Amino acid sequence: MKVRSILLPIALFVGLSAHVGSPDVVFDGNAGPYPVRAIVRPPMVVPGVAEVIIQAEASDVARVNVRPVFWRAGVKGAPAGDDAVRVAGEKSLYTGKLWLMSRGAYSVYVTVSGARGAGTAIVPVASLATGRLALSKPLAGILVVLGAVLFVGLVTIVRAASGDALLEPGAQPTRQSKRRARIAGLVATPLLALLVLGGAQWWSSVDGDYERTMYRPPAVDPSIHGDTLDLRVHDTAAFHALFAPVIPDHGKMMHLFLIDAGSHARFGHFHPDEIDSLHFRTALAGWPKGKYKLFGDIVLANGLSQTVTTTIDWPGDTSTAPSLLGDDSWWPTCCKDAARPSRPALLGAGYTMTWTGDSNVTARQPADLRFEVKDEKGQIAHLLPYLGMAAHAVVLSADDSVFVHLHPMGTVSASAQQAFAARDRGDTTDSGRLRLSAESTSMPMPMQASIDGHLSFPYEFPKPGRYRIWVQVRAPASQVLTAAFDIDVR
Amino acid sequence: MSVAVQPSAKVYAGSEARVATRSAWHAYVAVAAATFVLVGIYWDISWHMSIGRDTFWTPAHLLIQAGGLVAGLSSGFVALKTTFAGTDAEKAATVRFWGFRAPLGAWICIWGCLAMLTSAPFDNWWHDAYGLDVKIISPPHAILALGIFSIVVGALLLTLSEQNRADEEHRPRFAWMLALVGGMFIMNYALFLTEYGERRMMHSGWFYGLTAAAFPFGLASMARAIKLKWAATAAAAFYTGIMLALMWIIGFFPATPKLGPIFQHVTHMITLPFPLLIIVPAIGIDVVMQRLDGKLPDWKLAPILSATFLGLFIAVQWPFASFLMTPAARNRFFNAENYVYWMTPTYEALQNHFDLPAHGVWPFPVHIVIALLLGTVFSFLGLSRGTWMRKVRR
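Please read all numbers here as calculations on a predicted model, not as lab measurements. (Residues numbered from 1 in each chain as written. Chains lettered and ligands numbered in written order. Predicted model: local features only at pLDDT ≥ 70, side-chain atom pairs only at ≥ 80, totals over all residues. Heavy atoms only, no water.)

### Quick look at the overall build of chain A
A count of helical and extended segments in chain A gives three helices and 29 strands. Looking at the 490 residues of chain A, the share that counts as buried comes to 55%. When the accessible surface of chain A is summed, it comes to about 20100 Å², and 56% of that surface belongs to carbon and sulfur atoms. (Helix = DSSP H or I, 4+ residues; strand = E, 2+ residues; numbered from the N terminus. Buried < 20%, exposed > 50% of the residue type's maximum accessible area, 1.4 Å probe, protein only. Areas by Shrake-Rupley, 256 points an atom, 1.4 Å probe, with all protein chains shown as cover.)

### Considering the confidence of the model for chain B
All names here are of chain B. Looking at chain B, the pLDDT average stands at 89 and 93% of residues meet or exceed 70. Across chain B, the element-wise mean pLDDT spans from 45 in helix α1 (residues 9–12) up to 97 in helix α10 (residues 231–250). Throughout residues 1–14 the model reports pLDDT below 50, and contacts reaching past four residues in sequence, or to other chains, amount to 30 contacts. Two numbers describe this predicted complex: its pTM, 0.80, and its ipTM, 0.81. (pLDDT = per-residue confidence, 0-100. Contact = heavy atoms within 4.5 Å.)

### A look at the state of the cysteines
Put plainly, two cysteines are in a disulfide when a covalent bond ties their sulfur atoms together. Residues and elements named next belong to chain B. In the structure shown here, the tally under the stated rule is zero disulfides over all chains. For C109, which is in no disulfide, the shortest distance to another cysteine sulfur is to C113 and amounts to 9.0 Å. Take C113: its relative accessible area is 9%, and that puts it in the buried class. (Disulfide = S-S within 2.5 Å.)

### Focus on the interface of chain B and chain A
Of the residues lining the interface, 52 residues belong to chain B; the matching set on chain A comes to 47 residues. Together, the buried faces of chain B and chain A total about 4600 Å²; carbon and sulfur atoms form 71% of this surface. Our count for the chain B to chain A interface comes out at two salt bridges. Breaking the side of chain B that touches chain A down by element, the ones donating at least two residues are α1, β1 (95–97), α6 (104–130), α7 (139–165) and α14 (364–391) of chain B. Top element by residues in the side of chain B that touches chain A is α6(B). It accounts for 15 residues. (Buried area = accessible area lost by both parts, 1.4 Å probe. Salt bridge = Lys/Arg side-chain N within 4 Å of Asp/Glu carboxyl O.)

### Some points on the pattern of salt bridges
Residues and elements named next belong to chain A. For the structure on display, the rule yields 26 salt bridges over all chains. D28 is paired through a salt bridge with R37; the nearest N and O atoms lie 2.7 Å apart. Judged by relative accessible area, which is 3%, R37 ranks as buried. One salt bridge connects D368 with R37, and the closest N-O pair in it is separated by 2.5 Å. On the criterion of sequence distance, the pair formed by D368 in strand β22 (residues 366–374) and R37 in strand β2 (residues 34–41) is long-range, its members being 331 residues apart. Sharing partners across several salt bridges, the network here consists of D24, R41, R364 and E460.

### Describing helix α8 (residues 171–192) of chain B
The terminal C-alpha atoms of α8(B), which comprises 22 residues, lie 31 Å apart, in line with the 32 Å expected from a rise of 1.5 Å per residue. Most of α8(B) is tucked away: 16 of the 22 residues are buried. (Expected span 1.5 Å × (residues − 1).)

### A few points about the sheet that holds strand β15 (residues 273–276) of chain A
Residues and elements named next belong to chain A. Pairing in this open sheet of four strands is antiparallel, and the strands run β10-β11-β16-β15 from one edge to the other. A strand with exactly one partner marks an edge of an open sheet, and here the two such strands are β10 (219–225) and β15. Averaged over all neighbouring strand pairs, the angle between strand axes comes to 30 degrees, with direction disregarded. Here β15 pairs with strand β16 (residues 279–283) via three bridges, running antiparallel. By the bridge assignment for β16, D273 is matched with R281. (Pairing = 2+ DSSP bridges. Axes fitted to C-alpha atoms, helices over the stretch in contact; angles between N-to-C directions.)

### Here we look at the nonpolar core
Residues B:Y42, B:L104, B:I186, B:M187, B:F215, B:L219 and B:I278 are the most contacted members of the largest nonpolar core, which totals 120 residues. Among the nonpolar cores identified, the runner-up in size contains 36 residues, and A:L347, A:Y351, A:F371 and A:L455 belong to it. (Core = buried A, V, L, I, M, F, W, Y, C linked by side-chain atoms within 4.5 Å.)

### With respect to the side chain of B:D286
Residue and element names in this part refer to chain B. If you trace the backbone, D286 turns up in helix α11 (residues 279–292). Notably, D286 is buried but unbridged: the nearest opposite-charge side chain belongs to K229, and the N-O separation is 10 Å. Only 3.1 Å separates the side chain of D286 from the backbone nitrogen of A232, close enough to count as a polar contact. Once residues lying within four places of it in the same chain are set aside, the contact partners of D286 are A223, K229, W230, A231, A232 and T233. (Lys, Arg positive; Asp, Glu negative; His and termini not counted. Polar contact = N/O pair within 3.5 Å; in protein donor to acceptor, adjacent residues only side chain to side chain.)

### Some points on empty space enclosed by the protein
Residue and element names in this part refer to chain B. Counting across every chain of the model gives seven cavities of 30 Å³ or more. Of the pockets and cavities examined, the second largest cavity occupies roughly 170 Å³. What lines the second largest cavity is a set of 14 residues, and nearest its centre among them are A190, T194, G197, P273 and L276. Residue assignment for the lining of the second largest cavity shows that the elements contributing at least two residues are α8 and α10. The class makeup of the residues in the lining of the second largest cavity is 12 nonpolar, two polar and no charged. (1 Å grid on protein atoms, 1.4 Å probe; cavity = no way out; pocket = protein on both sides within 12 Å on 5 of 7 lines; lining within 4 Å. Points joined across faces, edges and corners; volume = space filled by probe spheres on them. Nonpolar A, V, L, I, M, F, W, Y, C, P; charged D, E, K, R; others polar.)

### Details of the packing of α10(B) against α11(B)
Residue and element names in this part refer to chain B. Viewed as axis vectors pointing N to C, α10 and α11 meet at an angle of 165 degrees, and their least axial separation amounts to 7 Å. When the interaxial angle is binned, α10 and α11 end up roughly antiparallel. Crossing of α10 against α11: the hand is right-handed. Contact residues: α10 offers A231, A232, T233, A236, A237 and T240, while α11 offers I279, A282, I283, I285 and D286. Residues belonging to the contact of α10 with α11 are distributed by class as follows: eight nonpolar, two polar and one charged. (Parallel < 35°, antiparallel > 145°, perpendicular 65-115°, else oblique. Left-handed = near helix turned anticlockwise from the far one by under 90°.)

### Section: the sheet that holds β22(A)
Residue and element names in this part refer to chain A. Spatially, β20-β21-β22-β27 is the arrangement adopted by the four strands of the open sheet, whose pairing is antiparallel. The outermost strands of the open sheet, each flanked by one partner alone, are β20 (345–348) and β27 (454–460). On average, each strand axis in the sheet is tilted by 25 degrees relative to the strand beside it, whichever way the strands run. Note that strand β21 (residues 351–355) and β22 share four bridges and pair antiparallel. Note that in β22 the partner of W355 across the bridge is F371.

### Points about the packing of aromatic side chains
What describes a pair of aromatic rings is the distance from one ring centre to the other and the angle between the planes of the rings. What the rule picks out here adds up to 46 aromatic pairs over all chains. With a centroid separation of 4.9 Å and 75 degrees between ring planes, the pair formed by A:Y459 and A:F461 is classed as edge-to-face. A residue is classified by how much of its surface remains accessible, and A:F461, at 0% relative accessible area, is buried. Here a set of aromatic residues connected by ring pairs shows up, and it is made of A:W203, A:Y210, B:F122, B:W125, B:W126 and B:Y130. Lying across the ring of B:F252, B:R332 places its NZ or CZ 5.4 Å from the centre. (Phe/Tyr/Trp six-rings, centres within 6.5 Å; stacked < 30°, edge-to-face > 60°. Lys NZ or Arg CZ within 6 Å of the ring centre and 35° of its normal.)

### Examining a nonpolar patch on the surface
A cluster of nonpolar residues, A:V145, A:V149, A:V152, B:L80, B:F84, B:W98 and B:F100, forms a patch on the protein surface that exposes about 670 Å² of accessible area. Breaking the nonpolar patch down by element, the ones donating at least two residues are α1 (137–162) of chain A together with α4 (59–85) of chain B. Per element, the largest residue contribution to the nonpolar patch is three residues, and it comes from α1(A). You can see B:F100 is positioned in strand β2 (residues 100–102). (Patch = residues over 30% accessible without salt bridge, like charges linked within 9 Å, V, L, I, M, F, W, Y side chains within 5 Å.)

As C-alpha cells, this is what we get:
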C-alpha cells in the first residue's frame, strides 16, 4: 500500500484500548461509492491530537474531510470537519489531525466527495488516556538550569528592590540600605524555596491524579464449575461514565479467546452467553488441561469496544478433544505447528492457507496481511461467512502484550459503527437507549454469501517482535477452519 | 548583592531630570509591551471561549509572546548599553545585577521574559504528558502567569522611577502612564477572578470576600504612589475602558467553534462579561486618601479604606448584577449572553439565577465581616506598598 510511504513518527507507547497494546485504528471500507482506508492514531492523552491518514484510490476523488464526533454530543454537537491534506507526491493519500477533547467513544467521520457525489464512513475510535510521558533528561536539565537562574535572579531582584532601588541616583549605598537588602534577601530565599516546593507538590499531585484516572481495561473474575467457565466483568477505576450495556457484535455478546499461556500452542474461539449485564458463561467440555490466557472482546452500546483479559488454570484432561457448540472453534484441529509465511498451513479437510502478502513487515507502518485459501483440489476455495465476516484473524505477540481481533474491515467493530449511525439518526428509545435490536444483532454479511478464498486484513503492528496470527474461515461443509502463522515484525 | 563604588549624588543632582527624560523611551516601550500582553490574554481567553482550537501561532498568542519579548529584549538592550556604554549619570540611575547595570524595572522585565520563555517548553511537555490544557491553572501556566505579571510590574517600576525622578513639567505624563499600568493591574486581578466572579455568584458573601482580598491592595497602593489627585479613579477608569473596548470590539468578529462537543451555537467571538464596577469604590478610596492620608496612621486608615471599598462596591455591584440577570442586559452592550460553546443547556439555565447559599455556609453578614477584615489587611499592605513605591528612584 502507498500508505507505507509515510511514516509519522510519534512516541511509542503501549496503550490499552479496544484491543490490548494496539491503540491504532485501521479501517478498510467504503465512504459512499468510494473505497477508503483510514488509519487513526489516537493520542495517549486526552485532550490530545489524533493523526489521521486516509487513502482514497478512486480517480474522481476531489476532497476528503475528517470530523471528530463525540458519542454524547453526536453529529449536532460536533465541530465542522477539516479537509485532509493531500500528501505531496501522492495521488490518493491524505492526512489530517483531529482534536479529541473528551474521554470516551468518538467516531471519525470520513467524508469523501467527488464526481459521484459524497459518502461518509464512520470509524469508531476510543479516546482514552493510556500513557504517561516521562520527562526526558535533556528537557529536565534545561528546566533545572532555567529554574535555578529564575530563582537566583528573583532573590537578587528582591535585594535590589529593597536596597539600591530606593537610593537617589548616584547616591552611595549606606550601611542601612545594605542591611535592608541583606534582610530582604534572607527573608525571600526561604519563602521562594517554599514556593518552589509547593509547585513541586502541585505537580506531583497532578501527576498522581492523572495516573489514578488513566484508562484501565475492565477486570474480569473467572470461576470454574465443572465444565463451565463463568466470567464476571467489573470496573477497575473511576470510569463509570465509559460503561454502557453490552451489545452484540456479529451476533455474539462476547468473543472469548483462550490461548495456551506461554507456548500459544492451543487456541479457542468461544461465545459465552450473557447471564446478567456483565456476567458471561460458556461450557468448555473436553477442553485440554492447562494454563490459558483469556481475551474477551465486548462492544458497549456507546460504541466503545473493550477487551478484558485474565488467566485461568483449566483442570481438564490433557488428552481430550473439546466438544464445541454452535460457532465455537479451536486450533490445532489437525496440525500442531504454526506455518511461516514461506509455506502453506494445513487447515484439515484438504484445505490449505498460504501467506501471500509481503512477509517483510515493519512496526508502525500499515501492513496488509494477505492469505489465499485453497480447497482439496488445489483450487481457490469458496468460503462461507463466519459470524457474518469473510474471515477473522487474531494477532498475539509472543509476550502477550499485544492482542487484536481483526476482520477484513480492519480493527473496528461493525456494531460500534452501527451504534454511531443509529445515534445520529436519533434512533433511540424513550429512555435514551439506542434502538439497536434490528441492526447489531444481525450479521454484517448474509450467512449464505459465497466468499472468494483471497483474504486481506489491514493492520499496523504496534512494535517489533514475534507474533502468532490465527486466521479463521468457514468452509462450505460448515466447519470452521483455523490456520496459524508466525511472523517476525521488524 | 555587591554594589560597585558609585559617583556621589551631588555630582548628578543637576543631570537627574535630563537622564529621566532620556530613559523614558524604555518606560514607554515597557508599558506598550505590558498592554500587548494584557490585550493578548483577553483575546486568547475569548478565542478559547469561541473557537477553542489553538496553536502556538494564534494572533492572541503571538501578541502575548511579542509583548514579553519586546519588554525583555528592550530591557536587555538597556542593560548592555548602560553597562558597557552608559554615561556616569545613566549608570547612577540603575541597580547592579550580577555585574550588569539597569533600572530595577528592566531586571523584572528580563526576569518576566525568561519566565515566559521557560514556561514554553515546559507547557509543551505538559500538553504531551497530561493533555491539552485540561486545566487552565497548571504549573507551566503558573510560570507563564508569573512572567506576565512581572512584565506588568517591570513596566510599572520603570514608569514609577521616572515619575519619582521627574520634574514638575514631566511628572503628570508619567503619572498618567502609571494610572494606565495600574488599570492593567486591576485587569490582571479581574481576569484571574473570572471563574469565581460569574454574575450568578454576585449576591454571595464569598464573592465580596474575594473582591475585598483582590482590589483594595492595588487601589490603596496606587492612590498613595501615583502623583495624581484621582489616581485610583484613573486606574479603575483605564481598567473599565480597556475591558469595555475589548468586549465590544472583539465581540464584533465572526467565529465558529472548531472543537467539540458544541452545546451553544456560537457565531461571533464570545467575550468576557461586563467589567466589575470597581470605578465607584475607587472614587471613594481617592476621596478618603485626599482627606486622611498622612493624617492617620496606616493601621487606622486601612479599615476605613476597606469599609469604603466594600460599602460602595456592594452598593453598585449588587443591583447591577440584578440588572444583568434581566432580558434588558442580553445584548451586545451589556454582554449578558456570552455563553461559551461548550456550555450545556443545564448550565446555561443556571446563569439567569443567583446561586442559592450552599447548605451549612456561614450567613451573609459573617462573610461581610470576613470581607471587611480581608479588605483591611490588604488595604494596609497596599498602603505599605504605596510607601515603598514612592521611594523607588532607579
